[in-house]
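The primary structure of each chain is shown beneath.
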Amino acid sequence: MNLTEVKKSIEKQFSRELRQGSKRNIVFWYDDEGVFADSIDTLELENVKIIKLYENNVFATKVYIEEKNTTSNLLVYSPMRRPPNNENWLTDTIMYSQTFSTDETSLHLLNFKIDSSLRHVIERNRLFFRHAERCKKFESYSLSPYTENRINIGIMSALCKLTAPSFDNVVQTLLIEMTENENSIYDSLVKYGDIDAFWKLVGWSYGYEFDDRSFERLSIVLLLTHLAQDMENELPKNWREFLSQNTNCIVLVDNFMKNTQLWDKYNKLAEIVAEKLNLDDLLTSWDINEMLNCDTFENFDKYIIKRINENITMDIGEFEKYGKLINSRRNKRFFEHFENEYSLLQSACEFLSLCQKHKDLQGSTMNELFANYTKEYYKFDFYYRKFIVSLDKLEDDKFRELFEKIENTYTNWFLGELLVKWCDLLGDLKTWSLPGIIPQQKFYDSFISRFVSDNERIVVIISDGLRYESATELLKLLNTEQKGVSELSTMFGVLPSYTKLGMAALLPNKEISITDKAEIFVDGVSTLGTENREKILRLYKKESVAITYERLIDMSKTEMGDLLAGIKMIYIYHDAIDKRGESSDREVFDATEKCLREISQLIKTLKNNISAINFIITSDHGYIYKRTPLSESDKTPKEISDSLETKRRFILTKNDAEIPATQKFSLQYLGKGTNDLTVITPRSSNCFKVKGGGVCYVHGGSSLQEVVIPVIKFKSDKNMQKSLGARRVSIGLTNLSRKITSIITYLTFFQNEKVDEKVLQSRIKLYFEDSDGNRVSNENIIIADSTSSNPPDRTYKEKFTLKDIHYDKTKEYYLVINNEDETVNKECARIPFIIDLVFGGGIKF
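Here is a short report on the structure shown in this document. Only a predicted model underlies this, so the values are computations on that prediction, with no experimental measurement involved.

Observations regarding the overall build of the chain
So, step 1. Counting secondary structure elements, the chain contains 28 helices and 31 strands.
So, step 2. The C-alpha atoms of the chain give 40 Å as radius of gyration, which overshoots the globular expectation for 845 residues (28 Å, by more than 25%).
So, step 3. Reported as C-alpha extents along the three principal axes, the dimensions of the chain are approximately 135 × 65 × 50 Å.
So, step 4. Sorting the 845 residues of the chain into buried and exposed places 54% on the buried side.
So, step 5. Sequence separation of 24 or more characterises 71% of the internal contacts of the chain that already satisfy a separation of 6 or more.
So, step 6. Of the accessible surface of the chain, which amounts to about 39,200 Å², a share of 46% is contributed by carbon and sulfur atoms.
So, step 7. The average position of the 113 basic charges and that of the 126 acidic charges among the side chains of the chain differ by 4 Å.

Side note on the sheet that holds strand 16 (residues 650-653)
So, step 1. Reading across from one edge, 15-16-18-17 is the order of the four strands in this open sheet, with antiparallel pairing throughout. In this open sheet, the two edge strands, each paired with only one partner strand, are strand 15 (645-647) and strand 17 (662-666). Along the sheet, successive strands turn relative to each other by an average axial angle of 15 degrees, direction set aside.
So, step 2. Bridge count between strand 15 and strand 16: three bridges; the pairing is antiparallel. When the sheet's bridge partners are listed, Lys647 is paired in strand 16 with Phe650.

Some points on the nonpolar core
So, step 1. Of all hydrophobic cores here, the largest spans 207 residues; its most connected members are Phe198, Ile448, Tyr571 and Leu606.
So, step 2. Residue contributions to this core peak at 12 residues, all from helix 18 (residues 366-392).
So, step 3. Setting aside chain neighbours within four positions, we find Tyr571 in contact with Phe443, Tyr444, Ile448, Val460, Ile462, Leu506, Leu507, Pro508, Leu537, Val545, Ala546 and Ile547.
So, step 4. The next biggest cluster of nonpolar side chains, apart from the first, holds 27 residues, and it includes Ile731, Val759, Ile817 and Leu837.

Side note on the pattern of salt bridges
One side chain can pair with another of opposite charge once the charged atoms of both are near each other.
So, step 1. Throughout the structure, instances matching the rule amount to 54 salt bridges.
So, step 2. As a salt-bridge pair, Arg81 and Asp32 come within 3.7 Å of each other at their nearest N and O atoms. Placement of Arg81 in the loop between strand 3 (73-78) and helix 3 (91-95) and of Asp32 in the loop between strand 1 (26-30) and strand 2 (48-52) is noted, with a sequence separation of 49 residues between them.
So, step 3. Asp32 gets classed as partly exposed once you look at its relative accessible area, which sits at 40%.
So, step 4. We note a salt bridge from Asp168 to Lys803, for which the minimum N-O separation is 2.9 Å. Of this pair, Asp168 sits in helix 8 (residues 167-179) while Lys803 sits in the loop between strand 29 (795-801) and strand 30 (813-819), and the two are 635 residues apart along the sequence. Like Asp168, the residue Lys803 is buried in the burial classification.
So, step 5. Among the charged side chains, a network of salt bridges with common partners joins Arg385, Lys386, Arg467, Glu469, Glu473 and Glu593.

Examining the side chain of Ser486
So, step 1. Within the fold, Ser486 resides in strand 6 (residues 484-492).
So, step 2. You can call Ser486 buried: its relative accessible area is 17%.
So, step 3. Within the structure, the side chain of Ser486 is placed 2.8 Å from the side chain of Asn479, a separation counted as a polar contact.
So, step 4. Every residue in contact with Ser486, bar those within four places of it in the chain, is listed here: Leu475, Asn479, Lys713 and Phe714.

Quick look at the layout of surface pockets
Empty space among the atoms can be located by rolling a probe the size of a water molecule over them.
So, step 1. Estimates place the volume of the second largest pocket at around 1,900 Å³.
So, step 2. Every residue lining the second largest pocket is counted, 48 residues in all, and those nearest its centre are Pro165, Ser166, Asp770, Asn774 and Lys803.
So, step 3. Looking at the lining of the second largest pocket, the elements that each hand over two or more residues are helix 7 (148-159), helix 8, helix 10 (195-206) and helix 12 (248-257).
So, step 4. Looking at which element gives the most residues to the lining of the second largest pocket, the answer is helix 8, with six residues.

Describing unusual backbone geometry
So, step 1. Looking along the chain, the bond that leaves Ser144 and enters Pro145 is cis, with omega of 0 degrees.
So, step 2. Summarising the element assignment, Pro145 is placed in the loop between helix 6 (132-140) and helix 7.
So, step 3. Between Leu495 and Pro496 the backbone carries a cis peptide bond, its omega angle lying at 5 degrees.
So, step 4. As for its position among the elements, Pro496 is in the loop between strand 6 and helix 22 (499-505).

Parameters and conventions
Residues numbered from 1 in each chain as written. Predicted model: local features only at pLDDT ≥ 70, side-chain atom pairs only at ≥ 80, totals over all residues. Heavy atoms only, no water. Helix = DSSP H or I, 4+ residues; strand = E, 2+ residues; numbered from the N terminus. Rg over C-alpha atoms; globule rule 2.2 N^0.38 Å. Buried < 20%, exposed > 50% of the residue type's maximum accessible area, 1.4 Å probe, protein only. Contact = heavy atoms within 4.5 Å. Areas by Shrake-Rupley, 256 points an atom, 1.4 Å probe, with all protein chains shown as cover. Lys, Arg positive; Asp, Glu negative; His and termini not counted. Charge placed at Lys NZ, Arg CZ, Asp CG, Glu CD. Pairing = 2+ DSSP bridges. Axes fitted to C-alpha atoms, helices over the stretch in contact; angles between N-to-C directions. Core = buried A, V, L, I, M, F, W, Y, C linked by side-chain atoms within 4.5 Å. Salt bridge = Lys/Arg side-chain N within 4 Å of Asp/Glu carboxyl O. Polar contact = N/O pair within 3.5 Å; in protein donor to acceptor, adjacent residues only side chain to side chain. 1 Å grid on protein atoms, 1.4 Å probe; cavity = no way out; pocket = protein on both sides within 12 Å on 5 of 7 lines; lining within 4 Å. Points joined across faces, edges and corners; volume = space filled by probe spheres on them.

Below, the structure is given as structure tokens:
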């Protein structure tokens, strides 16, 4: 150490506050080896007089200090070893003064303002303090007032390169290192720190009582202790020796596993421990209800998924029970990782539960069966679609048997039974219509003409192939993402239910005609292409535009504004579902997911760019979809050669021939231009034998899936009251007391209102922290999604486990309530608590 560094250290010592009753600072510096004897005269200290002490002037120095100079700050330098107190004339003077030493430990004590009583701690870590960067990191932690544990934790944290001192994070860092088969950090702790102090803190903080200094054993203790809190029954006997009574284990693991930045690190640690425990084999002997709350290992989720899959495949039933079980896993740590599997099983349970509920598929008239479909039966199609969407996201084949069960039930029972019943009712139909239901060809008159008459702007979005069941999901999406009001109604689709005729029917029309080449005209104008459709629109409203979604969405705000300025009737043609269905039918459900997102975003764009208010979303036709391709037995022979147009689900002809297993309908319902035409459709979900692909996705027939046409009316207004926009549900704490006396405590929360179309569910995160923002408890997740009007159904009781540390009952700690679904203002409450533990809380760092 050079004189410059010594000067800085001495100046720090003289800058300290005077002791009580003192008027000056006196510092004795015994330089045992006389290292600075030749350079002491060059040392200049502001407002400090330097005295040199030798063997022959001890008494004279005492007289000078006590009698001759009683006011100056003094540095007494001696190039010799300090004599024993009983042989030193200056002992009493030294007792009320300060001492300074140029040995490493003394300088570190001085530099960091650590009391000399902790000298032994610094000496044991002397190699750590020989590195400037490590010292800088240690100093940045601001550990004063110092204790032995605080110093050791600061040193360990610096060696682990932590941003803040934390023994939990030190242990976490070393556990991660173990999983990576590395030991560099641990080696640095052994070399530069106090490894004995580390393991002493491990025992003290987490109840680790084994002589074996093993991170593998420590990880077992930590994770099994965390697991034990969630198990309904006791853990196996041979595991109990690893259980700790210290709640710090639970909090450490909980914070580790829920740290999104360390997601993969924790997974690896849990995988290693699960393998050591032989957990997978043990799970086969456990009841599934014992592990409902277990969240420590992903093995529980894998086993729960496996058991539910097996049970519902084997027709054990209890679909509602399994649905609730899956729902209860949503707030667990590994749910996100297995979300596709859980979603698939949830859809399967909902589908099979519907099968039990509606096993007779009631409906004795066309109107009754149509109404039942729009209220309940469409859900079969909805959950079948959701099942296939989830299945397609999974790479393994473990759900093959379940798929076959769902596919067989959907295809052979639901579609088969529903179409037979519906087609039987259609047998008595004189003309293609349904009393009380708006026919698709009257779409303009029923939904659009009012806006034209009032000179209001109306935006019509026609999504090719948007089924009714998908429209119900779009309705919920709009209610969630958009500020406004919406409602869903239906029309009775045209027959044949295919794009050319469906698109024509949605245009304003006085007459629809079909030529011998199957070309469709409205009021004498061809309906092929957006240009022709725009011509037809302008016959009814000059300020009209027909445009494709692809062209419109690529426009800038300025371009869109210029094109649509003054336009009152806007028809937008969106083709995601039908386009994909015709080209790659296995992807049609994925295209549906994309379709819903695109339409919602389109509405938002038009609201923002052109201040659009009124929207109508509809479709040209629906479709039938079965994942299993048609077999030859599912195909109906085509026995007419002179048809105008033939597709898989219909034949358009002037021939009045009879074909087995089919039905005939006159197209005279469309007007004079179609009087002599007949459409022939299969009586089931069968298709005609025609060339070409597309055997899973088909349309054109008379099934409810094809002809129940959705119409969503959506009204948006920036000036609407805020209550019309969707908002997240909130929760409140019902406990009156704000004092915690037990290291494990239960708090009750209440969902303030039920979830509905405009009050959305919330994912709420709860935990305790101190005034410095350090977490002192585990974390709980509440998914507030109850739709019940009954208050007890909206009550949640949560278990909080506090760290076993010292709590100051004169200070406040905080229950933090975060809404994870909010984008910006996540923290919705910070409730102060006093923690005054009757038992526990003895560990003080």
